[in-house]
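Tertiary structure, described
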Amino acid sequence: MEVIIQLDQIIFSFINQELANPFLDTIMPYWREKTTWIPLYLFILVLAIVKLQWKKAILFLLFLAATIGIADQISSQWIKKSVERLRPCKNLQIKEDVHLLVPCGSGYSFTSSHATNHFAIAFFISFVLFPKKRIWRIALFLWAASIAFGQVYVGVHYPLDVTVGALLGMIVGWGVLNLYKKILARYTSF
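Just so you know, these numbers come straight off a predicted model, no measurement behind them.

**Overview of the nonpolar core**
A general tendency of soluble globular proteins is for nonpolar side chains to be buried together. One finds Leu52, Phe60, Phe124, Ile125, Val128, Leu129 and Tyr180 to be the most contacted residues of the largest nonpolar core, which totals 50 residues. Among the elements that take part in this core, helix H3 (residues 38-83) stands out by supplying 11 residues, more than any other. Leaving out residues up to four positions away in the same chain, Val128 has contacts with Leu52, Phe60, Leu177 and Tyr180.

**Structural notes on the state of the cysteines**
With the rule as written, the count across this model stands at one disulfide. Each sulfur of the disulfide joining Cys89 and Cys104 lies 2.0 Å from the other. Between Cys89 and Cys104 the sulfur-sulfur dihedral comes to about 85°; the bridge is accordingly right-handed. Residue Cys89 is found in the loop between H3 and helix H4 (113-129), and its partner Cys104 is found in the loop between H3 and H4; the two are separated by 15 residues along the sequence. Judged by its relative accessible area of 5%, Cys89 falls in the buried class.

**Regarding H3**
When the terminal C-alpha atoms of H3 are compared, their 31 Å separation across 46 residues is substantially less than the 68 Å that a helix rising 1.5 Å per residue should span. For H3, the principal kink sits at Gln53 and spans about 125°. With its phi angle positive at about 60°, Glu84 sits one or two positions after the end of H3.

Here is what the cut-offs are and how they apply
Residues numbered from 1 in each chain as written. Predicted model: local features only at pLDDT ≥ 70, side-chain atom pairs only at ≥ 80, totals over all residues. Heavy atoms only, no water. Core = buried A, V, L, I, M, F, W, Y, C linked by side-chain atoms within 4.5 Å. Buried < 20%, exposed > 50% of the residue type's maximum accessible area, 1.4 Å probe, protein only. Helix = DSSP H or I, 4+ residues; strand = E, 2+ residues; numbered from the N terminus. Contact = heavy atoms within 4.5 Å. Disulfide = S-S within 2.5 Å. Expected span 1.5 Å × (residues − 1). Bend = angle between axes of the 7 residues up to and from the residue.

So this is what it looks like as structure tokens:
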């Protein structure tokens with residue numbers, strides 16, 4: 001495990017310090033911010049209403065909210081509080097070297113809730129709204145990955161935090177998606 005932690009810190013230093021440049025320093029603090037994506041979330045809302053009609057759209061939105069809620073609770077309330085890994089910006093061994101671009105955050109680092117939530121969203125949305133459109137799935141997963149990358153770049157998470165967060169998010173998205181499909185199959189009046 002110690003080797004994994006050392007490798008994680010080496011990759012963190014590469015992303016956070018070696019890749020640092022004025023362009024990404026300007027973009028990444030906003031890119032990883034939830035409010036930046038409000039237009040995308042509104043687009044998804046409108047798309048769901050148009051594509052699924054009202055009843056299915058309401059069910060979709062309820063399950064999307066459940067996806068986010070479950071992903072966030074597992075990551076921020078269960079895992080982070082159990083593992084208690086310090087964020088890079090709070091780790092006394094490397095704190096002075098961290099290229100910190102946003103406030104450090106008060107919670108723990110493992111797993112990244114940003115990565116967990118966004119990968120859960122990407123998984124659920126892509127398989128409900130775009131089940132046969134591989135290009136949209138790729139785009140949504142690249143979007144989630146870019147936000148996860150941003151968390152490392154700005155100095156608040158290690159690569160392992162976002163990698164495991166991404167996997168957790170996809171598992172949550174898959175689980176909620178299967179429940180959603182079962183509900184739709186059971187109630188064909190939707």
